[in-house]
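An overview of the molecular structure
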Amino acid sequence: MSRTEPTDLVERGRQVLALEAAAIRGVAERLGPRVAAAVRLLAGARGRLIVSGVGKSGLIARKIAATFTSTGTPASFLHPVDSLHGDLGIVSRDDVAILLSKSGASDDLFGLVMQLKRLDVPIIAIVGAADSLLARQAQVVLDAGVTEEACPETLAPTTSTTVALALGDALAVTLLEQKGFRREDFAAFHPDGLLPRKLLLRVADVMLTQDLPLLLPDRPMRECVVLLAEKRGTVAVADRNGSLVGVVTAGDLTRLMEKTDRFLDIPVGEVMTRTPKTTSPGEIAGAAVRLMEQHGIMALPVLDGGRKLVGMVHLHDLMKAGAA
């Protein structure tokens, strides 16, 4: 086994990445109206997306199918050989297909091509040879051609599979924007991930609703001091109808103590902040976290559609729940 210096290995790794990055830039520069035609074809399909390829192209096709499915377009990978032994049953005339091939001439692919043609299923070809037999059978051809593979002697598809994957991502992302697919929709398809928790978690899921730190405006600060110590540094002030009129925080108490040491009998209404930051039960929890961080707040009163206090939400509880 030959001994290679670490710096040489690093440089070779950089060369591979640079070569693949240059290939993607080249494809981006060649991109034209055919991408728009492919997206329109996908958007107009009433059925599902069928994605297929052979060998390494098949592995890329699986990932592309998964990306489309997770972004709101039902997609299935169909192995071209298995399609001729019963799996063609998943294909309907309402479907659209994306077929991947570097050469566009793989014999294993053409049994499926002929069956898709028989069913009048439109084909989008991501192909390395724009004048290939596969390209001639497709309604839309996306040129995934590369000048060279990163692998020496073209022993394995490298640059070509990277380009094909990038084109698949370009189609999926453009389509989801065309459909108006939202972050909340993505979260609904990924209920067990960190992102869904951030997107689906609401203030109502975390806020406190019982035994709230609450005082009337005419109550003395001595009562407020006790609540500030017991209830994590924020006291809501509401009128007799339960409508919020202000808050008193530990910071307010500190500033008051710096002004006078005879503050215990002062009414909380004279100390409170009259225009506090608030949130609502339906607000995304992450938005409440951002509001608190922006203004240096540790807790927010939670109001209903009007001014009525229905809860309190604390930054610590939001962080613990995974809202940030």
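Residues numbered from 1 in each chain as written. Predicted model: local features only at pLDDT ≥ 70, side-chain atom pairs only at ≥ 80, totals over all residues. Heavy atoms only, no water.

1. Considering the pairing of strand S10 (residues 309-314)
Filter applied, for reference: Summary of the burial criterion: residues with accessible area below 20% of their type's maximum are buried, those above 50% are exposed, and those between are partly exposed, where the area comes from a 1.4 Å probe applied to protein chains only. Comment: elements are numbered from the N terminus, with helices defined as DSSP H or I runs of at least four residues and strands as E runs of at least two. Pairing between two strands requires that DSSP report at least two bridges joining them.
Counting buried positions along S10 yields five of six residues, so the element is predominantly enclosed. Relative to S10, strand S9 (residues 299-303) is paired through five bridges, and the arrangement is antiparallel. Pairing of Val302 across the sheet is with Gly311, part of S10.

2. Things to note about helix H10 (residues 250-259)
Convention followed: Picture the helix axis, draw a direction to every C-beta atom, and the arc is the one those directions span. Here a residue-residue contact requires only that any non-hydrogen atoms of the pair lie within 4.5 Å.
Among all positions of H10, only Asp252, Leu253 and Leu256 are buried. With its buried residues spanning 100° around the axis, H10 presents them on a single face. Looking at the packing, one finds that the buried side of H10 touches helix H9 (221-230) and strand S8 (244-249).

3. As for the side chain of Glu20
Note the threshold: Lys and Arg are tallied as positive, Asp and Glu as negative. Neither His nor the chain termini are counted. Whenever Lys or Arg places a side-chain nitrogen within 4 Å of a carboxyl oxygen from Asp or Glu, that contact is recorded as a salt bridge.
By the element assignment, Glu20 lies in helix H1 (residues 6-30). The side chain of Glu20 is buried and forms no salt bridge, while Arg12, the nearest opposite charge, is found at 9.0 Å.

4. Things to note about the sheet that holds S8
Taken in spatial order, the three strands line up as S6-S7-S8 in an open sheet, and their pairing is mixed. Only two strands of the sheet have a single neighbouring strand rather than two, namely strand S6 (214-215) and S8. Bridge count for strand S7 (residues 234-238) against S8 is five bridges, and the pairing is antiparallel. Each residue of the ladder has a partner; that of Ala238, found in S8, is Leu244.

5. Topic: the pattern of salt bridges
Tallied over the full model, the rule gives eleven salt bridges. With its nearest N and O atoms 3.2 Å apart, the salt bridge here joins Asp143 to Arg30. In this pair, Asp143 is assigned in strand S5 (residues 140-143) and Arg30 in helix H1, connecting sequence segments 113 residues apart. Classification of Arg30 as partly exposed rests on a relative accessible area of 43%. Here Asp120 and Arg93 are joined by a salt bridge, their closest N and O atoms 3.9 Å apart. Of this pair, Asp120 sits in the loop between helix H4 (107-118) and strand S4 (123-127) while Arg93 sits in the loop between strand S2 (75-77) and strand S3 (96-101), and the two are 27 residues apart along the sequence. Residue Asp120 is classed as exposed on the basis of its relative accessible area, which comes to 59%.

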